[in-house]
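Fold and geometry: a report
Chain by chain, the residues run as shown.
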Amino acid sequence: VFKKLRNKFLMLNMVITSLVILAAFGVIYATTYTNMYKEKLRKLNNIVPVPMAKTDNLADAPSNSVQGEQNIVKSKPPMLNSSLAFLIRTDFDGTVLLIDSFVEMPDQIYYDAASYALQHGKQSTVKLADRYWMYSVTQTPEKLTNADNSSREVYYRIAFLDITDSQKTLQDLRVTFLAVSFILLVVIYYISRFYSNRSIKPIMEVWENQRQFIADASHELKTPLSIITANYDALLANQNETIISQMEWLDYMKIGTERMDKLINDLLALAKMENVSIMVDKAPFNISEIVINLMATMEAVLREKEITLTHSVEQNIMINSDCNMVTQLFTILYDNAIKYSDTNGSIDVTLKKSKNSITCQVKNSGKGIAPQDIPKIFDRFYRADSSRTGENSGYGLGLSIAKTIVKRLGGEIAVESKENGWTIFTFKLKDML
Ligand SMILES: Nc1ncnc2c1ncn2[C@@H]1O[C@H](COP(=O)(O)OP(=O)(O)O)[C@@H](O)[C@H]1O
Ligand SMILES: [Mg+2]
């Protein structure tokens, strides 16, 4: 999904870049072209016939051209502005009468040039003798007097100018543009791919996390559901019995629903904590009191497991924070301490304030946490001891909720453990006083 999206963005990026490059080069090209064209046009219009006096009368020269029998005047004036050009004058029917040429070319080419120009519009370009020519046809009726005093009617005046060089310049420009665009596009492609890959990575991670979370949650929900279904089936098989005699199945069903209830509550808590649009509800309250009261409510469980509780809680610390979240945070750690401490173990709770923060530490004796598990215990659904999937085991969501709470309140949570010794969870809330 994300790869597709990324490729779409990449495509869009490339198309836009290409258009920009094209537009920029287009403008440069058009400007160059227009300037060259104007310059050539000016030159073209400046091609003037050399004075008649200088022309050689080639009429008597033997000619192998088609129009050889006619009286053609061909002159070879000096170069004009260092560019190659020629001027052909024809009569109304297009018969070549006069050629003023600054170029040395076979006669046939002049005839071809004239007929091409007269057939194809007033002004255009043509390829002749491996060179590009720009020409313009003008109608300038005039009477020419030959050396022998006979006169001829000139009707068309066709000027040709060699534009091979500018044509070549333009072509070079096009080739350069193509090469530069290509290199630019390749470079931009790799750069944007690199950056889009980098920007898409965190999104992909979040997405993968979320997917994993849903899979885990569904999996965890299945267990209590199957307990309920199995016991319901057992009840159905004994339809004629009294309810009281079937209490065993009903109790299992109750355990199933309770487990489901706990899981759903955990999931909701997590969802709520992670929802950044739900604001932290800050108000001043006495955290010492909360901690003391919570420990008091759990006394029965402590006695049952014969756990010794010691504590040093600094009295009457007032903090400005979200009371519900802090309560939940402490409950999670304290619950775990009870749950994971061995029978006849001990728990020690300390709460103290320093300059700008409060620190709470919950220590319990017991199996501890293996070093390789420590980085993972804050992950959702992670339980270090997989053999412990009995009724009272949790879902591995407690510590991830705790971590989210600490993150939202602005603080730190850390764990220290000695295997087969003790475990200490410490959280620190900053700027709370
Ligand atoms: N006080 C503790 N002592 C030893 N291990 C602990 C303690 N607290 C948490 N753990 C380990 O971290 C895991 C994750 O804890 P938690 O997120 O609260 O999930 P659970 O629902 O299993 O209690 C637990 O399965 C346990 O292995
Ligand atoms: Mg727990």
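We now turn to the structure provided with this report. What you see is a predicted model; the values in this text were computed from it and never measured.

**Examining the overall build of the protein**
Counting its regular elements, the protein contains eight helices and 13 strands. Counting over 433 residues, the protein shows a buried share of 37%. The contacts of the protein with a sequence gap of at least 6 include a subset with a gap of at least 24, amounting to 69%. Working note: accessible area of the protein is about 25600 Å², and carbon and sulfur atoms make up 58% of it.

**Section: the layout of surface pockets**
Empty space within the largest pocket amounts to approximately 1300 Å³. Lining of the largest pocket is provided by 50 residues; of these, Asp335, Asn336, Lys339, Tyr340 and Gly394 occupy positions nearest its centre. For the lining of the largest pocket, the secondary-structure elements that each account for two or more residues are helix H4 (247-274), helix H7 (323-340), strand E11 (357-365), helix H8 (398-409) and strand E13 (422-430). With 10 residues, the top contributor of residues to the lining of the largest pocket is H7. Tallied by class, residues from the lining of the largest pocket come to 19 nonpolar, 16 polar and 15 charged. Taken together, 20 residues line the second largest pocket, and the ones lying closest to its centre are Asn209, Glu274, Arg380, Thr404 and Lys407. Among the secondary structure elements, those contributing two or more residues to the lining of the second largest pocket are helix H3 (164-237), H4 and H8. No other element matches H3, which puts seven residues into the lining of the second largest pocket. Considering only residue class, the lining of the second largest pocket consists of seven nonpolar, five polar and eight charged.

**Overview of the pattern of salt bridges**
One pass over the structure, following the stated rule, counts 10 salt bridges. The partner of Lys168 in a salt bridge is Asp172, with the nearest N and O atoms 3.7 Å apart. Of this pair, Lys168 and Asp172 both sit in helix H3, separated by four residues, roughly a single helical turn. Accessibility expressed as a relative area gives 40% for Asp172, which makes it partly exposed.

**Some points on the site of ligand 1**
Lining the immediate surroundings of ligand 1 are 19 residues, of which Asn336, Tyr340, Asn364, Gly396 and Leu399 lie closest. In the environment of ligand 1, an oxygen atom lies 2.8 Å from a nitrogen or oxygen atom belonging to the side chain of Asn336. One of the backbone nitrogen or oxygen atoms of Ala384 is found 3.3 Å away from an oxygen atom of ligand 1. Contact with the protein chains removes 95% of the 530 Å² of surface that ligand 1 exposes when unbound. Placement of ligand 1 is best described as lying within the largest pocket.

**What about the packing of helix H5 (residues 287-297) against H7?**
Close contact between H5 and H7 brings their axes to 10 Å; oriented N to C, the two are set at 40°. Relative to H7, the element H5 lies oblique. For the crossing formed where H5 meets H7, the hand is right-handed. Where H5 approaches H7, its residues Ile287, Ile290, Val291, Leu294 and Met295 are matched on the opposing element by Cys323, Val326, Thr327, Phe330, Thr331 and Tyr334. Split into classes, the residues belonging to the contact of H5 with H7 amount to nine nonpolar, two polar and no charged.

**So, the packing of H4 against H8**
Packed helix pairs are specified by the crossing angle of their axes together with the interaxial distance, meaning the distance between the axes. Between H4 and H8, the least distance of the axes is 9 Å, while the angle of their chain directions is 20°. By the angle between their axes, H4 is roughly parallel relative to H8. The element H4 and its partner H8 pack so that their crossing is left-handed. From H4, Asp266, Ala269, Leu270, Lys272, Met273 and Glu274 reach across to H8, where they touch Ser400, Ile401, Thr404, Ile405 and Arg408.

**Quick notes on H8**
With 12 residues, H8 should reach 16 Å at 1.5 Å per residue; the first-to-last C-alpha distance of 17 Å fits that figure. If you check which residues of H8 are buried, you get Leu399, Ser400, Ile401, Ala402, Thr404, Ile405, Val406 and Leu409. Those residues of H8 that are buried are in contact with H4, strand E9 (318-321), H7, strand E12 (411-418) and E13.

**Quick notes on the packing of aromatic side chains**
Under the criterion given, the structure shown has 16 aromatic pairs. A centroid spacing of 5.0 Å and a plane angle of 65° characterise the contact between Phe86 and Trp133, whose relative ring orientation is edge-to-face. Of this pair, Phe86 sits in strand E2 (residues 85-90) while Trp133 sits in strand E5 (residues 131-145), and the two are 47 residues apart along the sequence. For the pair formed by Phe86 and Trp133, the shared burial category is buried. Aromatic rings pair up to connect Phe86, Tyr110, Tyr116, Trp133, Tyr135 and Phe160 into one cluster. Directly above the ring of Trp422 sits Lys363, whose terminal nitrogen or CZ lies 5.1 Å from the centroid.

**Section: the nonpolar core**
Ranked by internal contacts, the top residues of the largest apolar core, which has 52 residues, are Ile287, Ile319, Phe330, Tyr334, Leu397 and Phe427. Examining the composition of this core, we find that nine residues originate from one element, H7, more than from any other. Sequence-distant contacts of Phe330, defined by excluding residues within four places in its chain, comprise Val291, Leu294, Met295, Val349, Cys360 and Val362. One finds Ile109, Tyr135, Val137 and Ile158 within the second-largest nonpolar core, a separate group that totals 20 residues.

**A short note on the environment of Met134**
Of note, Met134 is situated in strand E5. Once the C-alpha coordinates of Met134 and Ile163 are considered, the two residues, 29 residues apart in sequence, prove to be 6.3 Å apart. Residues within four places of Met134 in sequence aside, it is in contact with Tyr37, Lys40, Leu41, Leu44, Gln123, Ser124, Thr125, Ala159, Phe160, Leu161 and Ile163.

Definitions and limits used
Residues numbered from 1 in each chain as written. Chains lettered and ligands numbered in written order. Predicted model: local features only at pLDDT ≥ 70, side-chain atom pairs only at ≥ 80, totals over all residues. Heavy atoms only, no water. Helix = DSSP H or I, 4+ residues; strand = E, 2+ residues; numbered from the N terminus. Buried < 20%, exposed > 50% of the residue type's maximum accessible area, 1.4 Å probe, protein only. Contact = heavy atoms within 4.5 Å. Areas by Shrake-Rupley, 256 points an atom, 1.4 Å probe, with all protein chains shown as cover. 1 Å grid on protein atoms, 1.4 Å probe; cavity = no way out; pocket = protein on both sides within 12 Å on 5 of 7 lines; lining within 4 Å. Points joined across faces, edges and corners; volume = space filled by probe spheres on them. Nonpolar A, V, L, I, M, F, W, Y, C, P; charged D, E, K, R; others polar. Salt bridge = Lys/Arg side-chain N within 4 Å of Asp/Glu carboxyl O. Near = heavy atom within 4 Å. Polar contact = N/O pair within 3.5 Å; in protein donor to acceptor, adjacent residues only side chain to side chain. Sits in = over half its atoms within 2 Å of the grid points. Axes fitted to C-alpha atoms, helices over the stretch in contact; angles between N-to-C directions. Parallel < 35°, antiparallel > 145°, perpendicular 65-115°, else oblique. Left-handed = near helix turned anticlockwise from the far one by under 90°. Expected span 1.5 Å × (residues − 1). Phe/Tyr/Trp six-rings, centres within 6.5 Å; stacked < 30°, edge-to-face > 60°. Lys NZ or Arg CZ within 6 Å of the ring centre and 35° of its normal. Core = buried A, V, L, I, M, F, W, Y, C linked by side-chain atoms within 4.5 Å.

Keep in mind these numbers describe shape, not what the thing actually does.
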